[in-house]
Amino acid sequence: MHGISRRTFLQTASASAAYAAVGSSAPLLMANPLGLPVGLQLYSVRDLLPKDYEGTLRQLGALGYREVEAAGFFGHSPSEVKQAMARAGLNCVSAHYPLRDLLPKVDETIQFGKDLGLKYIVCASPWLKDPSRVKDPGSRAARDAMTLDDWRWNAEQFNRIGERVNAAGIRFAYHNHTAEFRSEKGVVFYDELMRTTDPAKVTFEMDCGWVVVGGKNPVDYLTRYPMRISMLHVKDFKMSGWAAGSEPPPSTEMGRGTIDYRPIFEAAKKAHIDHAFVEQEEFDMPPMEALKIDAEYMRALTR
């Protein structure tokens, strides 16, 4: 891993126990040193929402989550989503869209966001300048094969979309995975996105977990770009024994993996972060049990 030592990332068993012990008595509404509401990216419950949309949201509210970021609305209208969120005690402040879906439906997406009262519309993944040059342009392998020219083309699209989104009173953001931390001719793609996107039109939602898996240090980016990053994704991975370049490491509950979020949040205090969303992509226990552990970890960071 680049920039952060293995020792910095390792979590001890006693620390994990301490998080669980204090989490149950911590305040429900606020989390982490940023003093933000506990947020969740709803991709975490993508398998539950289609089966019981309102019931799943109510369970999340009962766990102490207060803000959510959507990853699909499962056929629900803005009014239906707003009602379900309100009954669950949740506020949907942001929504994810892959660029391939966003490009042909910018105006429709903006109107949906306005009707729902979103603060952010987020591009969740990039697209190829010429999708025909690869077999499966939506795959992880295709993202990993993107060139500097592809990323510069994406930046152009972000600037154009961001101008239209911002004109509607919503902010436009880009969310990273790991391909952004590859490089070409010494140029790291994520750095090039920072350089070539207009700060007045495009902000960033930094997925801290994917930054680490990509071999970089979230603290470095929060320090270098304190005005460009507005939101965070926080997730943990079991990286012990994992070989970089292979499939992603196993996802796990916050505090039970390898990433220490304390220095990341310390750096984030000096930036301008509006929202922080937990995201867990895989589970080896019932999802609500895991998401309870995640919420408790976030609340324990106030201690």
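Please read these numbers as outputs of a predicted model, since none were measured by experiment.

**Things to note about unusual backbone geometry**
- Positive phi values are uncommon outside glycine, yet F74 reaches one of about 55°.
- Along the chain, F74 turns up in the loop between β4 (67-70) and α4 (78-88).
- Taking relative accessible area as the criterion, F74 reaches 35% and is therefore assigned partly exposed.
- At K185, a position not held by glycine, the phi torsion is positive, near 55°.
- Secondary-structure assignment places K185 in the loop between β8 (183-184) and β9 (187-188).

**Side note on the layout of surface pockets**
- As a volume, the largest pocket reaches approximately 790 Å³.
- Y43, A124, S125, H177 and E279 are the residues nearest the centre of the largest pocket, which is lined by 37 residues in total.
- Breaking the lining of the largest pocket down by element, the ones donating at least two residues are β5 (91-98), α5 (99-102), β6 (120-125) and α7 (140-144).
- If you tally residues by element for the lining of the largest pocket, the top one is β5, at four residues.

**Description of the confidence of the model for the protein chain**
- When pLDDT is averaged along the protein chain, the result is 89, and 88% of the positions lie at 70 or above.
- Under a pLDDT of 50 for its full length, residues 1-29 has, in the predicted model, 49 contacts with residues more than four places off or in other chains.

**Section: the packing of aromatic side chains**
- For the structure on display, the rule yields 13 aromatic pairs.
- Consider the rings of W151 and F189, whose centres lie 6.0 Å apart with planes at 25°: the pair is stacked. Placement of W151 in helix α8 (residues 148-167) and of F189 in helix α9 (residues 189-196) is noted, with a sequence separation of 38 residues between them.
- Joined through ring pairs, the aromatic side chains of F158, F172, Y174, F181, Y190, F204, Y221 and Y225 make up one cluster.
- Over the face of the ring belonging to Y43 we find R46, whose NZ or CZ atom lies 4.0 Å from the ring centre.

**Considerations on the pattern of salt bridges**
- This structure, assessed with the given rule, holds 18 salt bridges.
- Here D198 and K201 are joined by a salt bridge, their closest N and O atoms 4.0 Å apart.
- Looking at D198, the relative accessible area reads 29%, which means it is partly exposed.
- Look at K201 and you get partly exposed, because its relative accessible area is 24%.
- Three or more residues joined by partner-sharing salt bridges are found here, namely D207, K235, E279 and E281.

About the cut-offs
- For every chain, the first residue of the written sequence is number 1, and numbering continues from 1 along that sequence.
- Owing to the predicted nature of the model, reporting of local features is limited to residues with pLDDT of at least 70; listing and counting of side-chain atom pairs is limited to 80 or more, with chain, interface and lining totals taken over all residues.
- Side-chain measures were taken over the full set of non-hydrogen atoms in the model, leaving aside hydrogen atoms and water.
- Secondary structure elements follow DSSP: runs of H or I no shorter than four residues count as helices, runs of E no shorter than two count as strands, and numbering proceeds from the N terminus.
- Note on classification: 1.4 Å probe, protein chains only; a residue is buried when its accessible area is under 20% of the maximum for its type, exposed when over 50%, partly exposed between these limits.
- Throughout, the protein atoms alone are placed on a 1 Å grid, and a set of points is a cavity if a 1.4 Å probe fits but cannot get out or a pocket if it is open with protein on both sides within 12 Å along at least five of seven lines; lining residues have an atom within 4 Å of a point.
- Grid points are joined across faces, edges and corners, and a volume is the space filled by probe spheres set on the points.
- A residue's pLDDT is the predictor's confidence in that residue, given on a scale from 0 to 100.
- Should any heavy atoms of two residues lie within 4.5 Å, those residues are counted as being in contact.
- Ring pairs shown here join Phe, Tyr and Trp side chains whose ring centres sit within 6.5 Å, with only the six-membered ring taken for Trp; geometry is labelled stacked below 30 degrees between planes, edge-to-face above 60, and tilted in between.
- When the NZ atom of lysine or the CZ atom of arginine is within 6 Å of a ring's centre and also within 35 degrees of its normal, the charge is said to sit over that ring.
- Throughout this description, the term salt bridge denotes a Lys or Arg side-chain nitrogen within 4 Å of a carboxyl oxygen of Asp or Glu.

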